[in-house]
Amino acid sequence: YTDLAVLKLDVGNNLPYVKFGDSDRLEAGQTVVAMGSPHGLSRSVSRGIVSVTGRHLEDQSDRAPFTNWIQTDAAINPGNSGGPLLNLKGDVVGVNSMVLRGAENVGFAIPSNLAKEVVDAIIAEGRVRRSWVGLDLQEMLARTEDPDIKGAVIAGIDPLSPAFEAGIRPGDVLTAIDGKPVNARFAEDIPQVRRMIASLPVGEAAPFRVRRGTEEMDFTLTTEERGGLK
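Notes on the structure in this doc start here.

Conventions and cut-offs
- Residues numbered from 1 in each chain as written.
- Predicted model: local features only at pLDDT ≥ 70, side-chain atom pairs only at ≥ 80, totals over all residues.
- Heavy atoms only, no water.
- Helix = DSSP H or I, 4+ residues; strand = E, 2+ residues; numbered from the N terminus.
- Polar contact = N/O pair within 3.5 Å; in protein donor to acceptor, adjacent residues only side chain to side chain.
- Contact = heavy atoms within 4.5 Å.
- Phe/Tyr/Trp six-rings, centres within 6.5 Å; stacked < 30°, edge-to-face > 60°.
- Lys NZ or Arg CZ within 6 Å of the ring centre and 35° of its normal.
- Buried < 20%, exposed > 50% of the residue type's maximum accessible area, 1.4 Å probe, protein only.
- Expected span 1.5 Å × (residues − 1).

Relative to the elements of secondary structure, Thr223 occurs in the loop between β13 (215–222) and β14 (224–225). A distance of 3.2 Å separates a polar atom in the side chain of Thr223 from a polar atom in the side chain of Ser131. Among the polar contacts made by the side chain of Thr223, one reaches the main-chain amide nitrogen of Gly203 at a distance of 2.9 Å. For Thr223, the residues in contact, after removing those within four places along its chain, are Ser131, Trp132, Val133, Leu200, Pro201, Val202, Gly203 and Glu204.

The structure is reproduced here in structure tokens:
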């Protein structure tokens, strides 16, 4: 679900390596460098800027539904995928993943903080375990243009899911998960809410708060492990 894997190399000696940086500190306009082997041209480097962080790609939600992409104009071509996106200190702030077909220098990288989470989970358990409660979410602008109403619209619920059995219903507005506020005003905010749910401990109870009409309601959901791809 995040388009990442971990490889173990047994080479008998220490290898030089780059370090993960903090992708949450990236800002639009910041200079970055993409490395890789585009079209088989090894040891290639391209320079650009961060166009935007937290980019939501609706048509890519099935490929990596939990990823808020880093968009950059540093040239990323076939062969750059899996290579590092670095800041000027040489820290890895992203993992190059894909380009927008038909566009010029519109590339996307997986944020390093998300990559670290996945790497740590795979090394510890051999896979990534993600929680599921059965909610289909939409941005608030799908319901109201009132900026004072914050949350995510619950557009649908899987039958027999933890959310349905707890009593949450379509049309409710999800306002908090495990005590953390939800604010999905725009479509690009929805992957972050998905990640908040997915990162909850699997099989444990967590509080969810929803707004139904003018009433705030609290529910306790015991998460299940998300099936399908790991």
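From this point on, the discussion continues.
Before going further, it helps to spend a moment on the packing of aromatic side chains. Evaluation of the coordinates by the stated rule reveals zero aromatic pairs. The ring of Phe164 has Arg169 lying over it, and the distance from NZ or CZ to the ring centre is 4.2 Å.

Looking at the secondary structure, you find Asn80 in the loop between β3 (69–72) and β4 (84–86). Asn80 sits in the buried class, given a relative accessible area of 2%. Contacts of Asn80, omitting those with residues within four sequence positions, involve Met35, Gly36, Ser37, Pro38, Ala75 and Asn96.

What follows deals with helix α1 (residues 112–125). For α1, with 14 residues, the first-to-last C-alpha span of 20 Å sits near the 20 Å given by 1.5 Å per residue. Restricting attention to buried positions, one finds in α1 the residues Ser112, Asn113, Leu114, Ala115, Val118 and Ile122. If you follow the buried residues of α1, they end up packed against β5 (92–99), β6 (107–111) and α3 (190–198). Immediately downstream of α1, the backbone of Gly126 shows phi near 85°, a positive value.

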